[in-house]
There are 2 protein chains.
Amino acid sequence: MGEPASLDAFFNPRSVAVIGATENPGFGYVPTRNILSHPSVKSYLVNVKGGKVMGVKALRSVKDIPEPVDLAVVIVPSRAVVDVLRDCAEKGIRHVIVESAGFSETGEDGARMERELVELAKANGVRVMGPNCVGVVNTSNMFTTADVDVASLIRGGIAFVGQSGIFGTSIVDWACSRGIGLSKVVTLGNKCDVDEVDVVEYLADDEETKVICLYIEGVKPGRGRKLIETFKRASARKPVLVLKSGRTETGARAVMSHTGSIAGSDEVFSAALKQAGAIRVENIDELLYTAMAFTSQPLPSEGGVAVLTNSGSLAAMLCDELDSLGIKLASFTRETRSKLEEAAPSWASCRNPVDVGPAVIESAAPIVELLGRDPNVGSMIFIFAIPGIVANPRYFGADLTPFFKHLGDIASRSRKPTVVLGFGDEKVVQMVEEGFKQFNIPVLRSLTLTARVLAALYQYKSVVNRLK
Amino acid sequence: MGEPASLDAFFNPRSVAVIGATENPGFGYVPTRNILSHPSVKSYLVNVKGGKVMGVKALRSVKDIPEPVDLAVVIVPSRAVVDVLRDCAEKGIRHVIVESAGFSETGEDGARMERELVELAKANGVRVMGPNCVGVVNTSNMFTTADVDVASLIRGGIAFVGQSGIFGTSIVDWACSRGIGLSKVVTLGNKCDVDEVDVVEYLADDEETKVICLYIEGVKPGRGRKLIETFKRASARKPVLVLKSGRTETGARAVMSHTGSIAGSDEVFSAALKQAGAIRVENIDELLYTAMAFTSQPLPSEGGVAVLTNSGSLAAMLCDELDSLGIKLASFTRETRSKLEEAAPSWASCRNPVDVGPAVIESAAPIVELLGRDPNVGSMIFIFAIPGIVANPRYFGADLTPFFKHLGDIASRSRKPTVVLGFGDEKVVQMVEEGFKQFNIPVLRSLTLTARVLAALYQYKSVVNRLK
């Protein structure tokens, strides 16, 4: 069959057939509606029963479509999928997303049907995504085959690749309901054909994608080496973040009953990732917040972290976290040290962390200027634990947003990656967020996460130095 | 001097002298205002300059107060504190909170003044809290010497003991702005006299306090053994959660410059805590959310965790976390297994985790009933990653709150500790929160935290079995 078809038609089809199109508000309803209402992608609805679906005539077979079709989205019951795929192949469709479940994840009968799918696809040069997935989201054209709200999608630089539909959908919901932009989301389901190797290769070339996030339950036998090579090539161009489950016995059992995946040795996987320059993260929060930082922050320049804080306790805990991750505090230059002593109140600690305590509002701006200019400072963390009474109308009622905006501006102009921890009164933390928002500086609520996100920037910097 | 004075007057004074009372909106303003406006605690303002403060006549010396005084709150400059303490002793005041900073944390001069304070206090049977702190919050009488908004305080079962004022204030702000209740908060500052030993002893007897949380930078030389004994006695009665910084070299340096504390060997500290039955937590989120769970959930009964999920991926990750923490999944009884197969859709996985996928709304309630009744189930975790379109008015627009409320009711009646993870669309997660709120079942947004909070309940259960 020659060169396998590029994945591009999964994300940018000119025409799509929805096979099993339905207006019943259950499985298949949302993809049908989302695809049908896309303003520029030509859609055809197919349903063996014919009639009308959402007011549009449904054809009885994909073969009745009078024009060429780039992509088929299959949402028929599992027992009908093989025949549908055969029709698609005959129609000359080379990209098929099978959303239907009921294949290898359910036992031997399902596994047999899945093998038939694969053989048919291979024989006809058809690329199949799924089964047991919700396909794709592409925010550059707002095309999606998934159960998401198209109007809420936000364009951005984060790509996410997962297996099951519900988790993929939840990631989209998580990001978009928090104002965080995505480039592409792919749910691979049982990965009968298209797998992480194909998708990471595609995303490495995708200009919209600035960071690739993967959730993996297991690697298909025989694909491990290829996956690691792909990670390595992709990592030289953009960060690849990997969250993998099945690392314990209980987790491995859960993974097997979920997508039939074999988790494999966790040590081997970790070592291979490291060698490939991919960054392994420990949990979902770390995956998503680190991805956010990669899309908005530059990589650290030479030098350690400068910490500005108004709480010595929080700074001490942060130092523990950074030390555990092998991240060093910056040693300020003589010049910075002496200027810090002028800028900070006499009782403030001007070593690193710089602890300005209650004088934070008066002294933070000149201090951030100094930290940003110090050649020994490679990155910055700001900790704000500002008492609620400062903003509380019953006490001082100050609007702190302009203050944080000013700091965001200075930090942003320094071109040093900056991560902010907001702790305490939720209203004050929202002012911190609001202030740093326009500069795309991440504001986190967890100290552990703050340290881990910054550490990932350093980790990727050393990957870039090694792979380039 | 006989028996040292009980700490009770720090929390429940009938009369208080504010020494250094001020109406200037800086250091000392908020404590002055909060104490002055307390409806039932009699307050006296003292200021060497005399005159009026906030419309109230200020006396020039504490010795001019015509009646007995239970507690003095000192907010004068550090160089004046020793004389003020002498006046307090002469006046017969046996409890003094020194909020002023500028003592051992600043160097040798400060340390000398701090030693003078201690000698004077010891010689006169005066208990001193601080210096370099903001004293106490007591929600049972709404008395506070700290920089917090009295009107926002929420009464509850969590006690927090920390060192510096800003961190203590932030903890109060954090909890109260999230609707989480506190019993007492104590900031010990430099711990020149009153330290964790005294406070934990007091809180162990305090009926309002259901769980004791501590943030510790270092233990004073010679107090380690006593502290561990105190933890042991307290742990037999209520959970003691400990967050300690200075566990790494960088952290230890930060701690020393913050409160002059010596962090000490982290391994020794951890081993001692374990032996005492105190629970060491890794970060602030874990401290606070675990404390919440202890105030609202019963301890696990015999048996492992039952997991109900609508996302197999999230369940697999949770299994990894639980396994790493040594927490076992429950093995359902035969009866439960067969009834689960009736209650769940045919394709759902009825092993543990029970994965009902998209059928969560229809099948969760009978399943939670079954899990709650299974004698092999000691606790429950529910994972909800419900697609935003379900609640989105542009799609299905369902109000899920009653559904979650129903589940909360069933879980609550089972008398098994339950922790809920909400993931995905923030609006849906807020419905999850709203639904479980009236049953005081914690709803978390972090999977790692969900596992760790549940693990702490099991850990304390084994402490209780051992110490009782």
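Everything here concerns the structure above.
About the cut-offs
Residues numbered from 1 in each chain as written. Chains lettered and ligands numbered in written order. Predicted model: local features only at pLDDT ≥ 70, side-chain atom pairs only at ≥ 80, totals over all residues. Heavy atoms only, no water. Salt bridge = Lys/Arg side-chain N within 4 Å of Asp/Glu carboxyl O. Helix = DSSP H or I, 4+ residues; strand = E, 2+ residues; numbered from the N terminus. Buried < 20%, exposed > 50% of the residue type's maximum accessible area, 1.4 Å probe, protein only. Contact = heavy atoms within 4.5 Å. Polar contact = N/O pair within 3.5 Å; in protein donor to acceptor, adjacent residues only side chain to side chain. Pairing = 2+ DSSP bridges. Axes fitted to C-alpha atoms, helices over the stretch in contact; angles between N-to-C directions. Arc of directions from axis to C-beta. Least-squares fit on C-alpha atoms with pLDDT ≥ 70 in both. Phe/Tyr/Trp six-rings, centres within 6.5 Å; stacked < 30°, edge-to-face > 60°. Lys NZ or Arg CZ within 6 Å of the ring centre and 35° of its normal. Core = buried A, V, L, I, M, F, W, Y, C linked by side-chain atoms within 4.5 Å.

1. Here we look at the pattern of salt bridges
All names here are of chain B.
Part 1: Within this structure, the stated rule accounts for 60 salt bridges over all chains.
Part 2: Arg253 is the partner of Glu249 in a salt bridge, and the nearest nitrogen-oxygen pair spans 3.6 Å. Of the two residues, Glu249 and Arg253 both sit in helix H8 (residues 249-259), 4 residues apart, roughly one turn of that helix. Take Glu249 and Arg253: they sit in the same class, and that class is exposed.

2. A closer look at the interface of chain A and chain B
Part 1: Across the contact, 77 residues belong to chain A and 77 residues belong to chain B.
Part 2: Close ionic contact of Glu321(B) with Arg247(A) constitutes a salt bridge, the shortest N to O distance being 4.0 Å.
Part 3: At the boundary of chain A and chain B, one finds 37 residue pairs in polar contact (both at pLDDT 80 or more).
Part 4: At the level of elements, helix H2 (29-36), helix H5 (165-176), strand E13 (240-244), helix H8 (249-259), helix H10 (284-296), helix H11 (312-324), helix H14 (388-391) and helix H17 (447-467) of chain A are the ones that each hand at least two residues to the side of chain A that touches chain B.
Part 5: Sort the elements by how many residues they give to the side of chain A that touches chain B and H11(A) lands first, with 10 residues.

3. Quick word on the sheet that holds strand E7 (residues 127-129) of chain B
Backbone-to-backbone hydrogen bonds join strands into a sheet, with any given pair of strands oriented parallel or antiparallel.
Residue and element names in this part refer to chain B.
Part 1: The 5 strands lie next to each other as E2-E1-E5-E6-E7, forming an open sheet whose pairing is parallel. The open sheet has two edge strands, strand E2 (42-46) and E7, and neither has a second partner. For this sheet the average axis-to-axis angle between neighbouring strands, irrespective of direction, equals 20°.
Part 2: As paired strands, strand E6 (residues 95-98) and E7 are joined by 3 bridges and run parallel to one another. For Val96, the partnering residue across the bridge sits in E7 and is Val128.

4. Considerations on helix H3 (residues 81-91) of chain A
All names here are of chain A.
Part 1: Among the residues of H3, Val81, Val82, Val84, Leu85, Cys88 and Ala89 are the ones counted as buried. In an axial view of H3, the angular spread of the buried residues amounts to 160°, which keeps them on one side of the axis.
Part 2: Packing partners of the buried residues in H3 comprise strand E1 (15-19), strand E5 (71-74), strand E6 (95-98), helix H4 (108-124) and strand E7 (127-129).
Part 3: Just downstream of H3 lies Gly92, where phi reads positive at about 85°.

5. Some details on helix H6 (residues 196-205) of chain A
Along an α-helix, residues three or four apart share an orientation, since each turn contains 3.6 residues.
Part 1: Taken across its 10 residues, H6(A) has 8 buried, putting it largely inside the fold.
Part 2: Within H6(A) the residues assigned to the buried category are Glu196(A), Val197(A), Asp198(A), Val199(A), Val200(A), Tyr202(A), Leu203(A) and Ala204(A).

6. A word on the relation of the copies chain A and chain B
Part 1: Expressed as a screw transformation, the operator carrying chain A onto chain B has a rotation angle of 180° and an axial translation of 0.0 Å, and the superposed copies differ by an RMSD of 0.0 Å. Viewed as a symmetry operation, the transformation between the two copies matches a two-fold axis. Taking C-alpha positions as the reference, the residue of chain A nearest the rotation axis is Ser446(A), at 5.4 Å.
Part 2: Comparing interface residues between copies, 100% of those in chain A also lie at the interface in chain B; the contact surface is shared.

7. Section: the environment of Asp195(A)
All names here are of chain A.
Part 1: Within the element layout of this structure, Asp195 appears in the loop between strand E11 (182-187) and H6.
Part 2: For the pair Asp195 and Lys220, spaced 25 residues apart in sequence, the C-alpha separation works out to 8.6 Å.
Part 3: At 2.8 Å, the side chain of Asp195 forms a polar contact with the side chain of Arg223.

8. Considerations on the packing of aromatic side chains
Part 1: By the definition in use, this model includes 28 aromatic pairs over all chains.
Part 2: Aromatic side chains Phe294(A) and Tyr460(A) sit 5.6 Å apart centroid to centroid with 85° between the ring planes, which places their arrangement in the edge-to-face category. Here Tyr460(A) lies in helix H17 and Phe294(A) lies in helix H10, a separation of 166 residues in the sequence. In this structure, Phe294(A) and Tyr460(A) share a single accessibility class: buried.
Part 3: Both rings, one in Phe384(B) and one in Phe403(B), keep their centres 6.3 Å apart while their planes meet at 75°; by these two values the pair is edge-to-face. Taken together, the positions of Phe384(B) in strand E17 (residues 377-384) and Phe403(B) in helix H15 (residues 401-414) put the pair 19 residues apart, joining distant regions of the chain.
Part 4: Here Arg33(A) stacks its cationic end above the ring of Tyr395(B), 4.2 Å away from the centre of that ring.

9. Quick notes on the environment of Asn132(A)
Residues and elements named next belong to chain A.
Part 1: Here Asn132 shows up in the loop between E7 and strand E8 (135-138).
Part 2: When the C-alpha positions of Asn132 and Ser152 are compared, they lie 24 Å apart, and in sequence the two are 20 residues distant.
Part 3: Excluding residues that lie within four positions of it along the chain, Asn132 makes contacts with Val98, Glu99, Ser100, Ala101, Glu105, Gln163, Gly189 and Asn190.

10. A closer look at the side chain of Asn352(B)
Residue and element names in this part refer to chain B.
Part 1: When you line up the elements, Asn352 lands in the loop between helix H12 (334-343) and strand E16 (354-355).
Part 2: Within the structure, Asn352 has its side chain in polar contact with the backbone oxygen of Val305 (distance 2.8 Å).
Part 3: Looking at Asn352, its side chain comes within polar contact range of the main-chain oxygen of Ala330, at 2.9 Å.
Part 4: Beyond its immediate chain neighbours, meaning those up to four positions away, Asn352 contacts Val305, Ala306, Val307, Leu329, Ala330 and Phe332.

11. So, the nonpolar core
Part 1: Core analysis: the largest hydrophobic core is formed by 126 residues, its most contacted members being Phe167(A), Ile284(A), Leu314(A), Phe167(B), Ile284(B) and Leu314(B).
Part 2: In this view, Phe167(B) contacts Ser311(A), Ser313(A), Leu314(A), Met317(A), Phe423(A), Phe160(B), Tyr215(B) and Ile284(B); residues no more than four positions away in its chain are not counted.

As far as function goes, none of this settles anything; it's purely spatial.
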